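Read off the chains here:
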Amino acid sequence: MRVKLFWKNRPEHSLNPKGGVDKLQSFGNAQELEDEINVWLSQNPKIKIVDVRQSASGDMGLSLWLISVWYEEVA
């Protein structure tokens, strides 16, 4: 079994003028991450996805989204 990691550092890095997180920017970053995963999947049609895990962390304004895709290569 193998694993492929996808991540986005500081996904909500864009703040609005009131100091809050810009939800549109955060959505755009989520879309970028989704697009990256979909490109990888389309480039690897001979794999079997076994498990997918997602986690997020944040501290002092820094955050990370992490997606791990566990897979097997199929002949």
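Values in this document were obtained by computation on a predicted structure and should not be read as measured data. (Residues numbered from 1 in each chain as written. Predicted model: local features only at pLDDT ≥ 70, side-chain atom pairs only at ≥ 80, totals over all residues. Heavy atoms only, no water.)

Trainee: Before we move on, can you summarise the environment of W65 with the specific residues and values?
Mentor: Secondary-structure assignment places W65 in strand β3 (residues 62–73). Overall, the relative accessible area of 18% leaves W65 in the buried class. Sequence separation between W65 and N9 is 56 residues, and the spatial gap between their C-alpha atoms is 6.6 Å. (Helix = DSSP H or I, 4+ residues; strand = E, 2+ residues; numbered from the N terminus. Buried < 20%, exposed > 50% of the residue type's maximum accessible area, 1.4 Å probe, protein only.)

Trainee: Lay out the side chain of S68 in plain terms, naming residues and giving numbers.
Mentor: Looking at where S68 falls in the secondary structure, it is placed in strand β3. Here W70 takes part through its side chain, which lies 3.4 Å from a polar atom of the side chain of S68. If we ignore the near neighbours within four places in the chain, the residues touching S68 are V3, K4, L5, D51, V52 and R53. (Polar contact = N/O pair within 3.5 Å; in protein donor to acceptor, adjacent residues only side chain to side chain. Contact = heavy atoms within 4.5 Å.)

Trainee: Could you give an account of the environment of V74, naming the residues involved and the relevant values?
Mentor: In this structure, V74 sits in the segment after β3. With 28 residues separating them along the chain, V74 and K46 place their C-alpha atoms 5.4 Å apart. Dropping the residues within four chain positions of it, V74 is found in contact with K46, I47 and K48.

Trainee: How would you summarise the nonpolar core if you had to cite specific residues and measurements?
Mentor: A general trend in soluble globular proteins is that nonpolar side chains are found buried together. In terms of nonpolar packing, the biggest core is built from nine residues, these being F6, L33, I37, W40, I47, W65, I67, V69 and Y71. Taken together, the elements giving at least two residues each to this core come down to α1 (23–43) and β3. Per-element accounting of this core gives the leading share, four residues, to β3. If we skip the residues at most four places from it in the chain, Y71 touches M1, R2, V3, K4, W40, I47, K48, I49 and V50. (Core = buried A, V, L, I, M, F, W, Y, C linked by side-chain atoms within 4.5 Å.)

Trainee: I'd like to hear about the sheet that holds strand β1 (residues 2–9), residue by residue, with values.
Mentor: Strands sit in the order β1-β3-β2 across an open sheet of three strands; the sheet is antiparallel. Taken across any chain shown, the strands that pair with only one partner, and hence form the sheet edges, are β1 and β2 (47–59). Going from strand to strand, the sheet's axes swing by 15 degrees on average, the running direction of each strand aside. Sheet topology note: the β2/β3 ladder contains 12 bridges and is antiparallel. Its bridge partner being in β3, D51 is matched across the sheet by W70. (Pairing = 2+ DSSP bridges. Axes fitted to C-alpha atoms, helices over the stretch in contact; angles between N-to-C directions.)

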